Each structure stands twice: as C-alpha cells, then as structure tokens.
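What follows is each chain in one-letter form.
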Amino acid sequence: MASRAEPASRAEPVDAAERRDWRDVVRDAADLALLGILLTLAALPLLTVAAAVGTASAAVHDWTRTGGWPSAPTTLRRFGRAVLPGVPVSLLVLAVVGLLAADLAALATGRVPGGPVALLVTALVAAGLAGHAGLVVVEVGGGGRWREAARSAARACLDAPTRWAALTGVVALAGLLAVLVTPVTVPILAGYTLAALHAVANRQPVAAAVTSRGGGRAAGRLVAVDPAGRRSVPAHPELP
C-alpha cells in the first residue's frame, strides 16, 4: 500500500503546476499592467517616485512569494510610511538621471569633447548604475531601507557580476522598449520591468536558497524554491 501511495504524492506538485492555464497567464499580465499604471500615477508628483517604486516592489515581492497581491489598505499604508523617507532618494535619483541624460546628450551632439569613446564609457556607466538601482529596488521591496539596500546591492553586484549584467540588461531592454512603444503603454511596461527585476535578482540555486534557522537580520528570509518558482516566506515586513 505504501509503495502505491508514494507515486501519487510525488505527482501532487506537478498536478498543482498543471492547473495553471492561459487564463492565469492573462490575469497575471493584467495585474502587472495595472501595477505599472498605479506606480506611474503615484510617482507623478516626482517627490513620491521612491515611495511609489518601493511600494510597487513590495507588492511584486509578495506576489512572487505567495502568488497573491497585498490588500489595498496594506499597500496604502506602505506607501504612506514610505513617502517622507523616500523624498531624499527621489531627489537624488532625479538629479543623477538628469545629469547623465544631459551628459549623454552633450556627448552625442558633439557639444562636449570626447567623441564616441567618451559616449560609450558614459553609456556603460549609466547602464551599470541602472542595473545596481534595479537591485536596490528589489532589496527595498523585500523590506530593506534605501541606504542599506544600496550598500547591500553594491556588494551583491560585485560578488555576482553576471547577475548585475542581467539586471542591467533588463533595465536597458525596458528603456529601449519605452522608446519604441507608444507613450501610453510606458506605464504598463513599468509593471513588467519590475517583475523581471525580481525574477532575475531572486534567481538562485535551490540548495543556496535554504533558510538558515539561526539568528540575525537575514534569518528566515529565504527558503527552498518549489518547482513552480514560488517561495513560501513569512509575511512581508513593512517598508521604511
């Protein structure tokens, strides 16, 4: 009897994964599109860019781990708590983006000496910073504070340059698509980009994802990955 029941238990995860069909894919795509639209609307005041991105990243964090989205009250509470701490971050991001854009435009038009070499170096630096910023957003979505997330992401990028390159590629592709598509679809692209950043940043071997049961701040945050690509983790911590 035990030998006959064993194959059935092994088939349960497969059956659970097979229950997802095209309607689930369409629903997930619609949810991410709506997330991108809400993110864009929340970021329109500019000073709320960091709070909007962090809250959206937290929502994607919950979705990738549990398969469900946080409730509206939870999301609003996270956004409200993240607005004031995010104002300096928003100003810094806007300043860096503005300076890099002006520098690239000046090099491309020849107003600044340096030629193609300087333009290429500046573009590579901008792309690398964008990849690092993508990992910072993922870290903040996991419950980290902006300053700590920036330091942690910097170390992670140096320790895993291939993942840094992959994150840079995600941001670069999103930027290219944003130029090619119609402006009205750019907010939708934001939700997909955020989901792609989480997918790339959290990609790791199953053996390395087993949670340590010891103490410390990072304890209990990573667990083994199941065949469906979801993780079962404790409730998401509040954003700063």
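Criteria and thresholds
- Residues numbered from 1 in each chain as written.
- Predicted model: local features only at pLDDT ≥ 70, side-chain atom pairs only at ≥ 80, totals over all residues.
- Heavy atoms only, no water.
- Patch = residues over 30% accessible without salt bridge, like charges linked within 9 Å, V, L, I, M, F, W, Y side chains within 5 Å.
- Areas by Shrake-Rupley, 256 points an atom, 1.4 Å probe, with all protein chains shown as cover.
- Salt bridge = Lys/Arg side-chain N within 4 Å of Asp/Glu carboxyl O.
- Helix = DSSP H or I, 4+ residues; strand = E, 2+ residues; numbered from the N terminus.
- Polar contact = N/O pair within 3.5 Å; in protein donor to acceptor, adjacent residues only side chain to side chain.
- Contact = heavy atoms within 4.5 Å.
- pLDDT = per-residue confidence, 0-100.
- Expected span 1.5 Å × (residues − 1).
- Buried < 20%, exposed > 50% of the residue type's maximum accessible area, 1.4 Å probe, protein only.
- Core = buried A, V, L, I, M, F, W, Y, C linked by side-chain atoms within 4.5 Å.

## Considerations on a nonpolar patch on the surface
The grouping of L92, V96, V117, V121, V125 and L129 at the surface amounts to a nonpolar patch, some 520 Å² of accessible area in total. Every element with two or more residues in the nonpolar patch is listed here: α4 (72-109) and α5 (115-141). Among the elements that take part in the nonpolar patch, α5 stands out by supplying four residues, more than any other. When you line up the elements, V117 lands in helix α5.

## Examining the side chain of T48
Within the secondary structure layout, T48 lies in the loop between α2 (22-43) and α3 (49-66). Reaching out from T48, the side chain makes a polar contact with the backbone oxygen of A42 at a distance of 2.4 Å. Those residues in contact with T48, other than ones at most four positions away along the chain, are A42, A43, F79, V83 and S90.

## Structural notes on the confidence of the model for the protein
In this model, the protein carries a mean pLDDT of 81, and residues with pLDDT of at least 70 account for 77%. The low-confidence segment residues 1-17, where pLDDT is below 50, has one contact with residues more than four positions distant or belonging to other chains.

## What about α2?
The end-to-end C-alpha distance of α2, which contains 22 residues, comes to 32 Å, matching closely the 32 Å that a straight helix rising 1.5 Å per residue would cover. Those residues of α2 lying buried are D24, D28, L32, A33, L35, G36, L39 and A43. For α2, the secondary structure elements touched by its buried residues are α3 and α8 (186-201).

## Structural notes on the nonpolar core
Formed by 15 residues in total, the largest nonpolar core has its most connected members in L135, V136, V140, W146, L167, L197 and A201. Contributing elements (two or more residues each) for this core: α5, α6 (146-159), α7 (161-180) and α8. With five residues, the top contributor of residues to this core is α6. Every residue in contact with V136, bar those within four places of it in the chain, is listed here: W146, A149, A150 and A153. Of all hydrophobic cores here, the second largest spans eleven residues; its members include L39, V53, A59 and A195.

## Points about the pattern of salt bridges
Pairs can form between side chains of opposite charge whenever their charged atoms are close. Applying the stated rule across the entire model yields three salt bridges. Put simply, R27 and D24 hold a salt bridge, and the shortest N to O gap is 2.6 Å. In this pair, R27 and D24 both sit in helix α2, three residues apart, roughly one turn of the helix. Since its relative accessible area comes to 44%, R27 is described here as partly exposed. The shortest N-O distance in the salt bridge between R78 and D62 comes to 3.0 Å. In this pair, R78 is assigned in helix α4 and D62 in helix α3, connecting sequence segments 16 residues apart. Comparing R78 with D62 shows no difference in burial state: the two are buried.

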